[in-house]
Amino acid sequence: MKFTIPIGPQHPALKEPISLRMTVDGEFIRDADIRLGYNHRGLEKLAEEKTWIQNIYLTERICGICSHSHSTCYVQGVEKLMEITPPKRGNYIRYLVSELERIHSHLLWLGVAGHEAGFDSFFMYTWRDREVVMDILEMISGNRVHYAINTLGGVRRNLDEMQVKKSLEGMEILKKRSEYYFKIGVNEPTFVARLAGVGYLSKQQAIDLCAVGPTARASDIPRDVRRDDPHAVYDEVPFDVCTADTCDVLGRVVVRVKELMESYKICDFLLRNLPAGDIAVKAPRKAKPNEFLSRYEAPRGENTHYIKSNGSDKPERLKVRAPTLANYAATVEMLKNGFIADIPLIFAAIDPCICCAERTVELINGRTGAEKIVRFSELRKLAEDRFKKLPPKRNAVWPL
Amino acid sequence: MAVVKTLLYLLVYPGIIFLFVYSTFCEWFDRKVYARLQNRMGPTHTGRWGILQPVADFFKLMSKEDVVPDQADKRLFNLLPIVGLAIVGTSGLLLPVWHFNLAQSGFNSFSGDIIVILYLLSLPTLIFFLAGWSSTNYFSTIGGTRVLTMFFGYEVPLFMAVLSPAILANSWRLAEIAAFYQKKPWFILPNLLGFVIALICVQAKLERTPFDIPHAETEIVGGTFTEYSGKKLAFFRLMTDIELVVSSGLVAAVFLGGFPGGLWLGLLNFVVKTLFVIFLLSLLRAMTSRIRVDQVVSFAWKYLAPLAVLQLLIVILIKGLLL
């Protein structure tokens, strides 16, 4: 008996709204369909109405987990448009926060993977250790989620001796814990039984479907912006691109744990070789008419921001391509011919950050099934019209 | 006097009041152990060390709105929680917790009661399946079929593992089996393999990690219980708790020498031994991740069933050579 089960938009496995429609035959998945557009916020349009400086804090709010990735990607591009280079110390601190963010994101993901596989102990342990890196980030930037440490031409806060020392101590603890997780991840029989061979994506498929980040690297494609396009500090720092050749969810776990170890190494290097000097240069208020495509290796894969300036103090266009969006095509392929039990694991394995990837809204007429892609302005007009047509509510009671 | 004793037996110990109090305590114990193994605190707020938390949960659920889906078979949907609770409550009566007269059999201890208790413990599986099927939700339906699929895996090894000590004791009566192992404690050792198999199968029967497949939250939301709410869900939860107590009591009675020592010492024995079994079950729950339903069946038939047969062989050999 074939039927379609709705995973989402509201489902315990999903932390953000997205709709996966699974056509299943008993326990087997026969077809998968992804529907987006539940979380569209119109950020790109909003960016055109704000100044270069204000947009740093706007882009940071694209994502709650890789907030620094988006703001760094944006700032990198704007600095190129304004033709300024941040001082070396500023760069070191900026990419130190980048790597710390990668650590916190990967630890978070490990926990989520454990939870999706029903391994709640793993989830509790990794999230407890994630607090170590969260505390370091709070100590460095003053915030736990939106670090707000980037500014045009450098960073906003300096590091002192005590902070460097404490960060190094934290790295030592995390290194030990990650080795332990690596051991559990590849040795616990029930966990491995759930992950091995699940969500197969061959090397050729990964290339054809433009997979990015750990999803691509687990299919043995050494694709990493930090290595392919060495910018800022990445040409000075020694690190390896981690790959796995198993092409499954287990490979994605292994890649992420290995990347954790690389990130500790990078953080260690950046902290020990922190150059003296200024942390920021003064940035001009306006940028000359030009365009730039900024690339950045976010924890989830390659993040790109296309920025176009027209000589004013505001961008003419900001286009964000979040890594999750690039992985959706591969996800549909991975989901096909799996088990129902594998849905949350395969979907979680791309580390989806759904609201980052929402760009348009598709409206579907409930009666006719007709589909129509609308722009944010139309959507807003639609909402306002509907509100105007509603009969006025008298004596409305709004319970608390 | 006999009537009073029977009423006491049905209502107080080990009847419904004791089962309610003790099963909520066991749930608290399980949650606390599970939480401490995961570096959490577990329940802390209600009562001392959060000991009243399961009771509070139960009464909170009782007061919640009770929704019955339009499409569901209403009579079946409403009846199942009560029938399920009655079944596990009845199975609790068969535990050999009192000092039974071995020569004389009664309604709660007779030759063959081990089969009856196993049978009564199998029925909740059917109840869960019907609960999932009658709610007509896709997630419940998948949960219901998963319940049955798993059932075909673990039930045979469980029966073989639990019955092998009975074969060694040469009795189908729980009180006599317990008395045999109290007299000859060394014979507990050959049953160790069966004890491990029974623990794993009980874990599967209770649908706890790694076998929480029928209500795997991240896959099929609430599974069998997706549509259940309020009083009915409270009954189902109480039912699972009592099932935990009864099945751990059964394992303790068969493998750990029962509960000797009359009313008070016997009660102490019961509490200590069942908590030990529940501790082992919690340990298993904390250490593993959920497996797939096809893996349960293949694991049960590839490893558990052959090992259970091996256990039977060991028992038969010992019985032939030493007894």
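Use the structure listed above.
Source: prediction; values computed, not measured.

Visitor: I keep staring at the overall build of chain A and nothing clicks. Help me out?
Guide: Of the regular secondary structure elements, chain A holds 14 helices and 10 strands. Whereas a compact globule of 400 residues would reach a radius of gyration of roughly 21 Å, chain A reaches 22 Å, a difference of no more than 12%. Dimensions of chain A, computed from C-alpha atoms along their principal axes, come out at roughly 65 × 60 × 50 Å. Taking all 400 residues of chain A together, the buried fraction comes to 45%. Counting only contacts in chain A whose residues sit at least 6 apart along the sequence, the fraction spanning at least 24 positions is 69%.

Visitor: Is there a simple way to explain the overall build of chain B in this structure?
Guide: Looking only at helices and strands, one finds 12 helices and 0 strands in chain B. Reading chain B from its N end, one meets helices and strands in the order α-α-α-α-α-α-α-α-α-α-α-α. Taking 2.2 N^0.38 as the reference for a compact globule, 323 residues should give roughly 20 Å; the C-alpha atoms of chain B span a radius of gyration of 20 Å, in line with that estimate. Taken along the three principal axes of its C-alpha coordinates, chain B extends 60 × 50 × 40 Å. Counting only residues that meet the buried cut, chain B has 48% of its 323 residues in that class.

Visitor: Explain the packing of helix α8 (residues 192-205) of chain B against helix α10 (residues 230-255) of chain B to me, please; I cannot follow it from the model alone.
Guide: Two quantities define a packed helix pair, namely the angle between the axes and the distance from one axis to the other. Residues and elements named next belong to chain B. Following both chains from N to C, one finds α8 and α10 inclined at 170 degrees, their axes separated by 10 Å at the closest point. With respect to α10, the axis of α8 lies roughly antiparallel. In this structure, α8 contributes Gly 194, Phe 195, Ala 198, Leu 199, Val 202 and Lys 205 to the contact, and α10 contributes Ser 247, Val 251 and Phe 255. For the contact of α8 with α10, a count of residues per class yields 6 nonpolar, 2 polar and 1 charged.

Visitor: Can you help me understand the sheet that holds strand β1 (residues 2-7) of chain A in this one?
Guide: The strands that make up a sheet are held in pairs by hydrogen bonds between backbone atoms, and each pair lies either parallel or antiparallel. All names here are of chain A. One open sheet holds the 3 strands; their spatial order is β1-β2-β3, and the pairing between them is antiparallel. Where the open sheet ends on each side, the last strands, each with one partner, are β1 and β3 (28-35). Going from strand to strand, the sheet's axes swing by 20 degrees on average, the running direction of each strand aside.

Visitor: Looking at this model, I keep getting lost on the packing of helix α4 (residues 88-116) of chain A against helix α5 (residues 120-141) of chain A. Mind explaining?
Guide: Residue and element names in this part refer to chain A. Running from N to C, α4 and α5 point in directions that differ by 165 degrees, and their axes come no closer than 8 Å. Here α5 runs roughly antiparallel to α4, going by the angle between their axes. Note on packing geometry: the crossing formed by α4 with α5 is left-handed. Partitioned by chemical class, the residues of the contact of α4 with α5 number 14 nonpolar, 6 polar and 3 charged.

Visitor: Hey, could you run me through the pairing of strand β7 (residues 301-309) of chain A in this one?
Guide: In summary, the side chains of a regular strand alternate between the two faces of the sheet. All names here are of chain A. Taken together, the 9 bridges between strand β6 (residues 290-298) and β7 define a ladder with antiparallel strand orientation. Considered in β7, the bridge of Leu 293 is made with Tyr 306. Taking the residues between adjacent antiparallel strands as the criterion, β6 and β7 are bridged by 2 residues. For β7 and strand β8 (residues 315-321), the ladder comprises 6 bridges, and the chain directions are antiparallel. Bridging from a neighbouring strand, Tyr 306 pairs with Lys 319 of β8. Taken together, β7 and the strand that follows it, β8, pair antiparallel across an intervening segment of 5 residues, in which Gly 311 is found at a positive phi of about 95 degrees.

Visitor: I would appreciate a short explanation of unusual backbone geometry in the present structure.
Guide: Most peptide bonds adopt trans geometry, and most residues besides glycine take a negative phi value. With an omega of 5 degrees, the peptide bond between Thr 209 of chain B and Pro 210 of chain B qualifies as cis. Examined against the element boundaries, Pro 210 of chain B turns out to sit in the loop between α8 and α9 (217-220). Even without a glycine there, the phi angle at Glu 83 of chain A is positive, about 55 degrees. With respect to the helices, strands and loops of the structure, Glu 83 of chain A is situated in the loop between α3 (67-82) and α4.

Visitor: How do you make sense of the interface of chain A and chain B when you look at a structure like this?
Guide: It is common to give the size of an interface as the accessible area lost on bringing the parts into contact. Residue-level contacts link 27 residues of chain A with 24 residues of chain B. Of all elements in the fold, only β1, α4, α5, α7 (189-195) and α13 (343-349) of chain A reach the threshold of two or more residues within the side of chain A that touches chain B. Among the elements that take part in the side of chain A that touches chain B, α5 of chain A stands out by supplying 5 residues, more than any other. In terms of residue class, the side of chain A that touches chain B is built from 15 nonpolar, 6 polar and 6 charged.

Visitor: Is there a simple way to think about helix α6 (residues 161-187) of chain A in this case?
Guide: In an α-helix, one turn spans 3.6 residues, which is why side chains three or four residues apart end up on the same side. Residues and elements named next belong to chain A. Taking 1.5 Å per residue as the helical rise, α6 with its 27 residues ought to reach 39 Å, and the 40 Å between its terminal C-alpha atoms agrees with that figure. Inspection of α6 places Ser 167, Gly 170, Met 171, Leu 174, Ser 178, Tyr 181 and Gly 185 among the buried residues, and these make up the whole buried set. At its buried positions, α6 is contacted by α4, α5, α7 and α11 (249-272).

Visitor: Hey, could you run me through the pairing of strand β2 (residues 19-25) of chain A in this one?
Guide: All names here are of chain A. Judged by which residues are buried, β2 turns out to be one-sided: Leu 20, Met 22 and Val 24 face inward and are buried, whereas Ser 19, Arg 21, Thr 23 and Asp 25, on the alternate face, are not. In the sheet, β1 pairs with β2 via 6 bridges, with the strands oriented antiparallel. Counted as the bridge partner of Ile 5 is Met 22 from β2. With 7 bridges joining them, β2 and β3 adopt antiparallel strand pairing. Note on β3: the bridge partner recorded for Met 22 is Ala 32. Connecting β2 to the next strand, β3, in antiparallel fashion are 2 residues, including Gly 26 with a positive phi near 65 degrees.

What counts, and at which threshold
- Residues numbered from 1 in each chain as written.
- Chains lettered and ligands numbered in written order.
- Predicted model: local features only at pLDDT ≥ 70, side-chain atom pairs only at ≥ 80, totals over all residues.
- Helix = DSSP H or I, 4+ residues; strand = E, 2+ residues; numbered from the N terminus.
- Rg over C-alpha atoms; globule rule 2.2 N^0.38 Å.
- Buried ≥ 20, exposed ≤ 12 C-beta atoms within 10 Å, placed from the backbone.
- Contact = placed C-beta atoms within 7 Å.
- Axes fitted to C-alpha atoms, helices over the stretch in contact; angles between N-to-C directions.
- Parallel < 35°, antiparallel > 145°, perpendicular 65-115°, else oblique.
- Nonpolar A, V, L, I, M, F, W, Y, C, P; charged D, E, K, R; others polar.
- Pairing = 2+ DSSP bridges.
- Left-handed = near helix turned anticlockwise from the far one by under 90°.
- Expected span 1.5 Å × (residues − 1).

From the geometry alone we can't say anything about function, so treat these as descriptive.
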